[in-house]
Amino acid sequence: MTVDFFISYADEDLTWAEWIGWQLENEGYTVRLGAWDHETPGDNSVLARDRDLRAAKRLIAVVSTSYHFSSRGGAEWSSFARDDPSGEGLTVLPVEVEPTSTGALLGNLTPVVLHGLPEARAAAVLKRAVTHTRLKPSQRPGFPGRGAPRFPRRATPAGMRGDTKFLLGLLVLDTLGFLYGAAAYNGDGGSGDLKRAVIALVMLVFTVATLKRWFARRF
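Residues numbered from 1 in each chain as written. Predicted model: local features only at pLDDT ≥ 70, side-chain atom pairs only at ≥ 80, totals over all residues. Heavy atoms only, no water.

Chemist: Describe the overall build of the chain, with residues and values.
Modeler: Secondary structure assignment for the chain yields eight helices and five strands. For the chain, the sequential pattern of α-helices and β-strands runs β-α-β-α-α-β-α-α-β-β-α-α-α. Within the chain, the fraction of its 219 residues that count as buried is 30%. Taking contacts inside the chain between residues at least 6 apart in sequence as the whole, the part at least 24 apart equals 65%. Carbon and sulfur atoms provide 60% of the accessible area of the chain, an area that totals close to 15400 Å². (Helix = DSSP H or I, 4+ residues; strand = E, 2+ residues; numbered from the N terminus. Buried < 20%, exposed > 50% of the residue type's maximum accessible area, 1.4 Å probe, protein only. Contact = heavy atoms within 4.5 Å. Areas by Shrake-Rupley, 256 points an atom, 1.4 Å probe, with all protein chains shown as cover.)

Chemist: Can you lay out the pairing of strand S3 (residues 56–63) for me, pointing to particular residues and giving the numbers?
Modeler: Of all eight residues in S3, seven are buried, a share of seventy percent or more. Relative to S3, strand S1 (residues 3–8) runs parallel, the two being bridged by five bridges. Each bridged residue has a counterpart across the sheet, and for Ser8 the counterpart in S3 is Ala61. Note: S3 against strand S4 (residues 92–96), five bridges, orientation parallel. (Pairing = 2+ DSSP bridges.)

Chemist: Pulling in residues and values, what's your account of the nonpolar core?
Modeler: Ile7, Ile20, Leu24, Ile60, Val95, Leu114 and Leu126 are the most contacted members of the largest nonpolar core, which totals 21 residues. Listing elements by their share of this core, those giving two or more residues are S1, helix H1 (14–26), strand S2 (31–33), S3, S4 and helix H6 (119–129). (Core = buried A, V, L, I, M, F, W, Y, C linked by side-chain atoms within 4.5 Å.)

Chemist: Help me get a handle on a nonpolar patch on the surface, residues and values and all.
Modeler: A grouping of Val172, Leu173, Leu176 and Leu179 is seen on the molecular surface, where their side chains present a nonpolar patch of about 380 Å² in accessible area. By secondary structure assignment, the location of Leu173 is in helix H7 (residues 162–184). (Patch = residues over 30% accessible without salt bridge, like charges linked within 9 Å, V, L, I, M, F, W, Y side chains within 5 Å. Salt bridge = Lys/Arg side-chain N within 4 Å of Asp/Glu carboxyl O.)

Chemist: Tell me what's going on with the pairing of S4, and back it up with residues and numbers.
Modeler: The element S4 is extensively covered by neighbouring structure, given that five of its five residues are classed as buried. Residues Val92, Pro94 and Glu96 line one face of S4 and the alternating positions Leu93 and Val95 line the opposite face, and both faces are buried.

Chemist: Which residues make up H6, and what are the values?
Modeler: Within H6, the full set of buried residues consists of Ala122, Ala123, Val125 and Leu126. Viewed along the axis of H6, the buried residues span an arc of 165°, placing them on a single side of the element. Those residues of H6 hidden inside the fold are in contact with H1, S4 and strand S5 (112–113). (Arc of directions from axis to C-beta.)

Chemist: Summarise the sheet that holds S2; cite the residues concerned and give the values.
Modeler: Spatial strand order, S2-S1-S3-S4-S5: five strands in an open sheet with parallel pairing. Every other strand in the sheet has two partners, leaving S2 and S5 as the edge strands with one partner each. Contacts between H1 and the sheet are confined to S1, S2, S3 and S4, with S2 contributing the most and set at about 165° to the helix. Contacts from helix H3 (residues 45–55) reach S1, S2 and S3, with the element oriented near 115° to S3. (Axes fitted to C-alpha atoms, helices over the stretch in contact; angles between N-to-C directions.)

Chemist: Lay out the packing of H1 against H6 with the relevant residues and their values.
Modeler: Two quantities define a packed helix pair, namely the angle between the helix axes and the distance between the axes. It is the contact of H1 with H6, at a shortest axis distance of 10 Å, that shows an interaxial angle of 65°. For the pair H1 and H6, the sense of crossing is right-handed. Contact residues: H1 offers Trp19, Ile20, Gln23 and Leu24, while H6 offers Glu119, Ala122, Ala123, Leu126 and Lys127. The residue inventory of the contact of H1 with H6, partitioned by class, reads six nonpolar, one polar and two charged. (Left-handed = near helix turned anticlockwise from the far one by under 90°. Nonpolar A, V, L, I, M, F, W, Y, C, P; charged D, E, K, R; others polar.)

Following this line, the structure appears as structure tokens:
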């Protein structure tokens, strides 16, 4: 009996392999996966794996850093690549589940990238990838016409950031405080002049510190 897909994976990526297998079986495909089919008590796991590799039409390689160091995974996908060295038969489908190099040989095959996608989008990408269909859009493209090419619009400013507003507010307060201190200055060295000088100094130090943080974030 033939099956549609054999899922090859490293042990560290079992959760990804099971998610992929579940998605495909829900679409009506037949799947063989080690954790589901080769670990039955009393069964010979090596012979079971060999049997399913021979029966599978295509192989899905769950590509990750761990998969590159998996001798078992390399032996599994290379057995399919041997019969389809050009990749024209699409018998080996690399599915990337984390950013990683695919290696010299496996890297020749266009991968299906699932990492970084929300679950619904990842499921749609996977299902489309296994159908052997062209990448033709599902909706008719708009007519470009004969006019001059339209370039993307320049992004409009997003508005003043909160830290900039806060800094400007501090500068306004400093200015008002300076003007008030200059107007209320008595020149007799009394407690009122001392308090205003201390407050002005504290505000100045705080403003300078805020200005330094603002420059560090901008430049």
